[in-house]
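# Structure assessment
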Amino acid sequence: MLKNKTALVTGSTSGIGLGIAKALARQGANIVMNGFGDVEGPKAELEALGVQVLYHGADMSKPADIEDMMQQAARSFGRVDVLVNNAGIQHVAPVHNFPVERWDAVIAINLTSAFHTSRLALPAMREANWGRIINVASVHGLVGSADKSAYVAAKHGIVGLTKVTALENATTGVTCNAICPGWVLTPLVQKQVDAKAAALGLSNEEATRLLLGEKEPSMQFTTPEELGELAVFFCSPAANNVRGVAWNMDGGWTAQ
Ligand code: NAD
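The shown structure was predicted, so the numbers you read here are calculated from the model rather than taken from an experiment.

Once that is clear, we can look at unusual backbone geometry. One non-glycine residue with positive phi stands out, namely Asn4, at about 65°. Looking at where Asn4 falls in the secondary structure, it is placed in the segment before strand 1 (6–9). Take Asn4: its relative accessible area is 72%, and that puts it in the exposed class. Of note in this structure, Asn129 is not a glycine but carries a positive phi near 55°. With respect to the secondary-structure elements, Asn129 resides in the loop between helix 4 (100–128) and strand 5 (131–136).

The next subject is the site of the ligand. In the region of the ligand, 30 residues are neighbours, and Thr13, Asn86, Tyr151, Val184 and Thr186 sit closest. The separation between an oxygen atom of the ligand and a polar side-chain atom of Thr13 is 2.7 Å. In the environment of the ligand, an oxygen atom lies 2.7 Å from a nitrogen or oxygen atom belonging to the backbone of Asn86. Against a free-state accessible area of 820 Å², the protein chains account for coverage of 93% of the ligand.

This brings us to the packing of helix 4 against helix 5 (residues 149–168). Relative to each other, helix 4 and helix 5 sit at 15°, their axes nearing to 8 Å. Judged by the inter-axis angle, helix 4 sits roughly parallel to helix 5. In this structure, helix 4 meets helix 5 at a crossing whose hand is right-handed. Across the interface between the two elements, Trp103, Val106, Ile107, Asn110, Leu111, Ala114, Phe115, Leu122 and Arg126 of helix 4 pack against Ser149, Ala150, Tyr151, Ala153, Ala154, Lys155, Gly157, Ile158, Leu161, Thr165 and Glu168 of helix 5. Classifying every residue of the contact of helix 4 with helix 5 by side-chain character gives 13 nonpolar, four polar and three charged.

If you walk through the whole model with that rule in mind, you get five aromatic pairs. Residues Trp183 and Trp253 carry aromatic rings whose centres are separated by 5.3 Å and whose planes lie at 50° to one another, so their mutual orientation is tilted. Taken together, the residues span a long stretch of sequence, with Trp183 in the loop between strand 6 (174–181) and helix 6 (187–200) and Trp253 in the segment after strand 7 (246–249) at a distance of 70 residues. Relative accessible area serves as the criterion here: at 7%, Trp183 is assigned to the buried category.

On to the pairing of strand 2 (residues 30–34). Summarising burial for strand 2: five of the five residues are buried, a large majority. What you see with strand 2 is no split at all: Asn30, Val32 and Asn34 on one side and Ile31 and Met33 on the other are buried throughout. Pairing of strand 1 with strand 2 involves four bridges; the strand directions are parallel. Bridging across to strand 2, Val9 finds its partner in Met33. Note on the crossover from strand 1 through helix 1 (residues 15–26) to strand 2: the handedness is right-handed.

Split into domains, the protein chain comes out as domain 1 (6–184 + 223–255) and domain 2 (185–221). A C-alpha centroid distance of 25 Å is found between domain 1 and domain 2. Counting residues at the interface gives 18 residues for domain 1, matched by 13 residues for domain 2. Taken together, both faces of the contact between domain 1 and domain 2 bury some 1,200 Å²; the carbon and sulfur share is 60%. Remark: the boundary between domain 1 and domain 2 carries zero salt bridges. Our enumeration of links across domain 1 and domain 2 arrives at six residue pairs in polar contact (both at pLDDT 80 or more). Considered class by class, the residues forming the side of domain 1 that touches domain 2 number five nonpolar, 10 polar and three charged.

On to empty space enclosed by the protein, then. Throughout the structure, instances matching the rule amount to one cavity of 30 Å³ or more. Taken as a whole, the largest cavity spans an internal volume of roughly 40 Å³. For the lining of the largest cavity, the secondary structure elements donating two or more residues are helix 4 and helix 5. Looking at which element gives the most residues to the lining of the largest cavity, the answer is helix 4, with four residues. Here the lining of the largest cavity is built from residues that sort into five nonpolar, five polar and one charged.

Analysis parameters
- Residues numbered from 1 in each chain as written.
- Predicted model: local features only at pLDDT ≥ 70, side-chain atom pairs only at ≥ 80, totals over all residues.
- Heavy atoms only, no water.
- Helix = DSSP H or I, 4+ residues; strand = E, 2+ residues; numbered from the N terminus.
- Buried < 20%, exposed > 50% of the residue type's maximum accessible area, 1.4 Å probe, protein only.
- Near = heavy atom within 4 Å.
- Polar contact = N/O pair within 3.5 Å; in protein donor to acceptor, adjacent residues only side chain to side chain.
- Areas by Shrake-Rupley, 256 points an atom, 1.4 Å probe, with all protein chains shown as cover.
- Axes fitted to C-alpha atoms, helices over the stretch in contact; angles between N-to-C directions.
- Parallel < 35°, antiparallel > 145°, perpendicular 65-115°, else oblique.
- Left-handed = near helix turned anticlockwise from the far one by under 90°.
- Contact = heavy atoms within 4.5 Å.
- Nonpolar A, V, L, I, M, F, W, Y, C, P; charged D, E, K, R; others polar.
- Phe/Tyr/Trp six-rings, centres within 6.5 Å; stacked < 30°, edge-to-face > 60°.
- Pairing = 2+ DSSP bridges.
- Right-handed = clockwise from strand over helix to strand, strands pointing away.
- Domains from an automatic or database assignment.
- Buried area = accessible area lost by both parts, 1.4 Å probe.
- Salt bridge = Lys/Arg side-chain N within 4 Å of Asp/Glu carboxyl O.
- 1 Å grid on protein atoms, 1.4 Å probe; cavity = no way out; pocket = protein on both sides within 12 Å on 5 of 7 lines; lining within 4 Å.
- Points joined across faces, edges and corners; volume = space filled by probe spheres on them.

This is the structure:
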């Protein structure tokens, strides 16, 4: 379905981003990978799916890095057809103790970076009259949780950005939608499980059950593979008129 198309997935060295990149690569899309940590392992996994992979190490808190990544993607592949804004970080603290520098970092990486990639990808998408922008928001784009002010603000913000981008392009072949996962067991969430285990003197299993039990009625994690298939659906012709939605995959979290 995506042969000869290019998908750029920010934060695709691990977790949800890697899951989405793999699902898009299985549909034939060449991949522009981004993110920190181990690059060679995930890059090899993507190349094994028979597509071309370009890695760019842009720091998503730096607009100049983002611009360089978008230019390099266009130089290598012509244009970005599918843009997945996924890179994200978390910081947990009450507002009155929230470090200012962490607030700025969460907003820059989880929200502002999507504005920059979108503004740079949209002209070529509009010219081609085809494009898909998929913003990885969160249930925290729909509801709040204590101690996550910057994250919840950024995720509500990206749901708003999704709606406006969808509206501005509504008469074109360019769509923009958001994905709102509940708990997904990635390094970002394992850190929260570890913190709970340490604070309450629990085992990893007990802390995991507590984490799920607080929010997620299914008592199951959503997987990067499931989220990847939702991204594939957004890229399919069946989703041509799906515009500006914030689609949760959250085990019932926001149904409560
Ligand atoms: P993760 O920590 O496994 O992956 C985050 C990715 O972003 C990594 O590739 C990391 O290197 C990259 N990244 C971090 N800071 C970056 C920066 N400054 N520049 C470039 N890349 C950077 O986390 P994840 O759980 O896969 O999270 C991916 C997205 O999904 C995030 O936006 C997160 O908010 C969202 N999300 C996660 C969950 C969950 O339960 N894990 C739930 C809802 C939404």
